[in-house]
Amino acid sequence: MLDDVKTAPIPEAEKALFAFVDRLNDAPGDVRREDVERLKAAGWTDEAVYDAVSVCALFNFYNRWIDGTGVQGLSPAMYDRSAKRMAAGGYLPAPPPGTPPPSSSGEPER
């Protein structure tokens, strides 16, 4: 998918979303109502378009902030640990050491 989203084995709606985000990144001043209408025709809601624009904008902000402040990236091992944590728990912070894992039902374990 990273090499060519157009031929990736993903739904057409997702291809449309990635094309929109690419355009927003590459030429933000050229994004027009028609670009948003193509997303809506592909099945995306106004809220989903808003979320996509917000995520794209935040990533651009943070990339520029990191570049401008000299903040260094994580080591490959830390990225690996972070990816595993996020795969298991999403964006929630890691639980304190010794905390039992949450149940898969979302209910507290008894």
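Before reading further, recall that the structure is shown in the block above.
Cut-offs and rules
Residues numbered from 1 in each chain as written. Predicted model: local features only at pLDDT ≥ 70, side-chain atom pairs only at ≥ 80, totals over all residues. Heavy atoms only, no water. Helix = DSSP H or I, 4+ residues; strand = E, 2+ residues; numbered from the N terminus. Rg over C-alpha atoms; globule rule 2.2 N^0.38 Å. Buried < 20%, exposed > 50% of the residue type's maximum accessible area, 1.4 Å probe, protein only. Contact = heavy atoms within 4.5 Å. Areas by Shrake-Rupley, 256 points an atom, 1.4 Å probe, with all protein chains shown as cover. Lys, Arg positive; Asp, Glu negative; His and termini not counted. Charge placed at Lys NZ, Arg CZ, Asp CG, Glu CD. Phe/Tyr/Trp six-rings, centres within 6.5 Å; stacked < 30°, edge-to-face > 60°. Salt bridge = Lys/Arg side-chain N within 4 Å of Asp/Glu carboxyl O. Polar contact = N/O pair within 3.5 Å; in protein donor to acceptor, adjacent residues only side chain to side chain.

Asker: What is the right way to read the overall build of the protein chain from this model?
Answerer: A count of helical and extended segments in the protein chain gives four helices and zero strands. Overall, the protein chain shows an N-to-C arrangement of helices and strands of α-α-α-α. For a compact globule of 110 residues, the expected C-alpha radius of gyration is about 13 Å, and the protein chain comes in at 18 Å, more than 25% above that figure. Referenced to the eigenvectors of the C-alpha coordinate spread, the extents of the protein chain come out at roughly 50 × 40 × 25 Å. Each of the 110 residues in the protein chain was classed as buried or not, and the buried ones make up 13%. Contacts in the protein chain between residues at least 24 apart in sequence constitute 30% of all its contacts with a sequence separation of at least 6. With the model as given, the accessible surface of the protein chain reaches about 9100 Å², and the carbon-plus-sulfur share is 60%. In the protein chain, 12 positive and 17 negative side-chain charges are present, and the distance between their average locations comes to 2 Å.

Asker: Looking at this structure, I do not really get the packing of aromatic side chains. What am I missing?
Answerer: Given two aromatic rings, their pairing is described by the distance between the two centres and the angle made by the two planes. Throughout the structure, instances matching the rule amount to one aromatic pair. Arranged with centres 5.0 Å apart and planes meeting at 70°, the rings of Phe-61 and Tyr-62 form a pair that is edge-to-face. A relative accessible area of 46% means that Phe-61 is categorised as partly exposed.

Asker: What is the right way to look at the pattern of salt bridges in this model?
Answerer: Any two side chains of opposite charge can pair, given that their charged atoms come close. Taken as a whole and judged by the stated rule, the model has five salt bridges. When the shortest N-O distance is used, the salt bridge between Lys-15 and Glu-12 registers 3.3 Å. On the criterion of helical spacing, the pair formed by Lys-15 and Glu-12 is a turn pair, its members being three residues apart in helix 1 (residues 12–26). Exposure remark for Lys-15: the relative accessible area of 15% places this residue in the buried category. Where Asp-35 meets Arg-38, a salt bridge forms, and the shortest distance between an N and an O atom there is 2.4 Å. Placement of the pair is Asp-35 and Arg-38 together in helix 2 (residues 33–41), with a separation of three residues, close to one helical turn. The class of Asp-35 is buried, set by a relative accessible area of 5%. Residue classification places Arg-38 among the exposed positions, given a relative accessible area of 53%.

Asker: What should I look at first to understand the side chain of Lys-15 in this one?
Answerer: Among the polar contacts listed, one links the side chain of Lys-15 to the backbone oxygen of Ala-8, at a separation of 3.2 Å. Among all residues touching Lys-15, those that are not within four sequence positions of it are Val-5, Lys-6, Thr-7, Ala-8 and Ile-10.

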